Amino acid sequence: MTRNWLLPILAGLAVAAVAWHGTLLATPYVLMSAAMKKISSANGNGRANVFGFGEMATADRQPIVRPSPDLVYSSCVFNLSQGPVLVDVAPVPGQYWSVSIFDARTDVAAVRSDRDTGGKPARLALVREGQVAPKGYEVVKLDHDKGIALMRILLSDPAEYAEVDAIRRKSTCQAASAK
């Protein structure tokens, strides 16, 4: 009698293992795809390769999950399918700032901050295998065409917002062909 149940039980375990593994592999892509869609629609009609400059987070306005009220966020959903994307981050004197590059699988491909650049601009060329970056840019190789560049600037005082906002809006995220 128990032998009649052995094959269905083993088949069920095999299906469960395959489903579990598939879910583990797909989840980062699904989550990042949803994040990219939300960010690109908030940044300007679903366009890629353009920084969106968010307002300060408040209790009523939280564009991302648990944003820090001390940070000003800017984000760019990028697409490398037509060639390299250049991320130029204007330094904000006297403030901690960073730019992080996340790929379509949610992996961090690069992080640069004011401490890495010595107060100079961060100039990153996001490329896929076979793409060439322009001179003067630090190359960040990615395994996926799409991802998110996230810039954060720490404010010591909310009164600094207007000055910091004017500086950060000098930062760009654009296709190399547009430059």
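In case you missed it, the structure is sitting above this.
In this report, the structure presented in the accompanying data block is examined.

Calculation rules
- Residues numbered from 1 in each chain as written.
- Predicted model: local features only at pLDDT ≥ 70, side-chain atom pairs only at ≥ 80, totals over all residues.
- Heavy atoms only, no water.
- Helix = DSSP H or I, 4+ residues; strand = E, 2+ residues; numbered from the N terminus.
- Buried < 20%, exposed > 50% of the residue type's maximum accessible area, 1.4 Å probe, protein only.
- Contact = heavy atoms within 4.5 Å.
- Arc of directions from axis to C-beta.
- Pairing = 2+ DSSP bridges.
- Axes fitted to C-alpha atoms, helices over the stretch in contact; angles between N-to-C directions.

### Things to note about the environment of lysine 146
Turning to step 1, where the next piece is worked out: Along the polypeptide, lysine 146 turns up in strand 8 (residues 146-154).
Turning to step 2, where the next piece is worked out: When its relative accessible area of 42% is taken as the criterion, lysine 146 is described as partly exposed.
Turning to step 3, where the next piece is worked out: A C-alpha to C-alpha distance of 5.5 Å links lysine 146 and phenylalanine 78, two positions 68 residues apart in sequence.
Turning to step 4, where the next piece is worked out: Residues in contact with lysine 146, not counting those within four places in the same chain, are Met36, Phe78, Asn79, Asp103 and Ala104.

### Looking at helix 3 (residues 161-168)
Because an α-helix completes one turn every 3.6 residues, residues spaced three or four positions apart along the sequence face the same direction.
Turning to step 1, where the next piece is worked out: For helix 3, the complete set of buried residues consists of Tyr161, Val164, Asp165, Ile167 and Arg168. Here the buried residues of helix 3 occupy an arc of 165° about the axis, which is enough to place them on one side. Opposite the buried face of helix 3, by more than 90 degrees, sit the exposed residues Ala162 and Glu163.

### Describing the sheet that holds strand 5 (residues 108-113)
Turning to step 1, where the next piece is worked out: The sheet built from five strands is open, its strands ordered 1-2-8-4-5 with antiparallel pairing. Edge strands, defined here as strands with exactly one partner in the open sheet, are strand 1 (52-53) and strand 5.
Turning to step 2, where the next piece is worked out: Pairing of strand 1 with strand 2 (residues 71-79), which is carried by two bridges, proceeds in the antiparallel orientation. Bridge pairing in strand 2 places phenylalanine 53 opposite serine 74.
Turning to step 3, where the next piece is worked out: On top of the sheet, helix 3 reaches strand 1, strand 2 and strand 8; it is set at about 20° to strand 2, its chief contact.

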